[in-house]
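# Structural features, examined
As a plain string of letters, each chain reads:
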Amino acid sequence: MKNIVLLTGAGVSAESGLATFRGPYGLWEGHRVEDVATPEAFRRDPGLVHAFYDARRARLETVKPNAAHAALARLDAEWPGELLLVTQNVDDLHERAGSRRLLHMHGELTKGWCLACGERFRWRGPMGEDACCPSCGEQGQVRPDIVWFGEMPYEMERIDDALQACDLFLSIGTSGAVYPAAGFVQTARHCGARTLEINLEPSLGSFMFDESRIGKAGELVPEWVDEVLQSAHSRPISR
Ligand code: BJW
């Protein structure tokens with residue numbers, strides 16, 4: 001086993017205190033994510049959509065990475081083969097824990113995107129409807145750099161290449177409700193990878209995995225990382 005692709009979802013950040021999207025506490029002030037995370041919702045009611053992301057950006061400053069983020073960062077540092085951590089999460093807890101081989105397929109809360117000049121830039125604090133672009137100076141054209149429903153997730157070619165080349169695909173803390181991420185297991189499996197999921201409950205695509213470990217990411221991910229690193233250290237990897 002040389003090449004690993006990891007997919008994370010909201011469940012990996014739940015024990016840090018960030019809400020997941022679906023399930024009993026998955027609503028934001030009565031709105032489903034499908035109703036606020038769309039370009040149509042932003043055109044219809046930009047104030048509502050900015051309020052959703054401004055509240056989550058503020059919350060992000062109050063939370064810390066948990067044991068699952070830390071274990072994945074350790075794996076990144078110590079794994080001698082190829083590794084790619086693809087996160088659907090827009091929080092920055094993986095990078096704060098130390099992960100480097102990481103990409104955010106659904107964008108980042110800490111970035112803005114100017115619809116006037118196309119620039120993307122770091123953003124701290126509230127954005128709101130009147131935000132001014134730090135690049136071109138245009139006001140009211142800045143949106144969160146987030147991939148909404150109907151928009152193309154970032155870096156799909158790089159992800160697809162990694163999935164086709166991986167020996168092990170691990171999905172952590174995601175319900176399997178949103179595509180294309182929900183289909184990654186099929187690509188990896190089709191290309192011969194072993195597939196494992198770690199989730200609090202069986203995901204919608206659970207039947208497609210070779211193995212499911214059911215429980216909290218903060219407990220099961222460090223255990224799994226120990227197992228994988230022990231086996232790598234006892235069996236040198238041929239490159
Ligand atoms: C724990 C835990 C603990 C809790 N330990 N576990 C029909 C079929 C196929 C596709 C489609 C379709 N109709 C429409 C589509 C496409 C659409 C889609 O998938 N829709 C579905 C609703 C069906 N997808 C898209 O539009 C995507 N783009 C696309 O397909 O582009 C191609 C294209 C473009 C244009 C034209 C034509 C084609 C874009 C998807 C963008 C998703 N964006 C969001 C919001 C933005 C980011 C943000 O605001 O944060 O991303 S939606 C939201 O869901 C967010 C998440 O990243 C994403 C996934 O959620 P996740 O992470 O799985 O969270 P939950 O809450 O669902 O699950 C958490 C899990 O953790 C649960 O299972 C818990 O049990 C578990 N858990 N605590 C371990 N402690």
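Throughout what follows, the structure given in this document is the object of discussion.

### Structural notes on the pattern of salt bridges
This model, assessed by the stated rule, comprises 18 salt bridges. The residue E108 makes a salt bridge to K111 at a minimum N-O spacing of 3.1 Å. The class of E108 is buried, set by a relative accessible area of 12%. Residue K111 is classed as partly exposed on the basis of its relative accessible area, which comes to 21%.

### Looking at the sheet that holds strand β4 (residues 107-114)
The 3 strands lie next to each other as β5-β4-β6, forming an open sheet whose pairing is antiparallel. A single partner strand is all that each edge strand has here, and the edge strands are β5 (120-122) and β6 (142-146). Pairwise comparison of adjacent strand axes, ignoring direction, gives a mean angle of 45 degrees for this sheet. Alignment of β4 against β6, held across 5 bridges, turns out to be antiparallel. Opposite G112, over in β6, you have P144 as the bridge partner.

### Here we look at the state of the cysteines
One covalent bond between the sulfur atoms of two cysteine residues makes up a disulfide. Within the structure shown, the criterion is met by 0 disulfides. C166 forms no disulfide, and the closest cysteine sulfur to it belongs to C191, at a distance of 7.7 Å.

### Brief notes about the sheet that holds strand β2 (residues 83-87)
Read from one edge to the other, the open sheet built from 6 strands follows the order β3-β2-β1-β7-β8-β9, with strand pairing classed as parallel. Of all the strands in the sheet, just β3 (102-104) and β9 (211-214) have a single pairing partner and so form its edges. The mean inter-strand angle of the sheet, taken between neighbouring strand axes irrespective of direction, is 15 degrees. Bridge analysis of β2 against β3 gives 3 bridges, and the strand direction is parallel. Opposite T87, over in β3, you have H104 as the bridge partner.

Cut-off values and rules
- Residues numbered from 1 in each chain as written.
- Predicted model: local features only at pLDDT ≥ 70, side-chain atom pairs only at ≥ 80, totals over all residues.
- Heavy atoms only, no water.
- Salt bridge = Lys/Arg side-chain N within 4 Å of Asp/Glu carboxyl O.
- Buried < 20%, exposed > 50% of the residue type's maximum accessible area, 1.4 Å probe, protein only.
- Pairing = 2+ DSSP bridges.
- Helix = DSSP H or I, 4+ residues; strand = E, 2+ residues; numbered from the N terminus.
- Axes fitted to C-alpha atoms, helices over the stretch in contact; angles between N-to-C directions.
- Disulfide = S-S within 2.5 Å.

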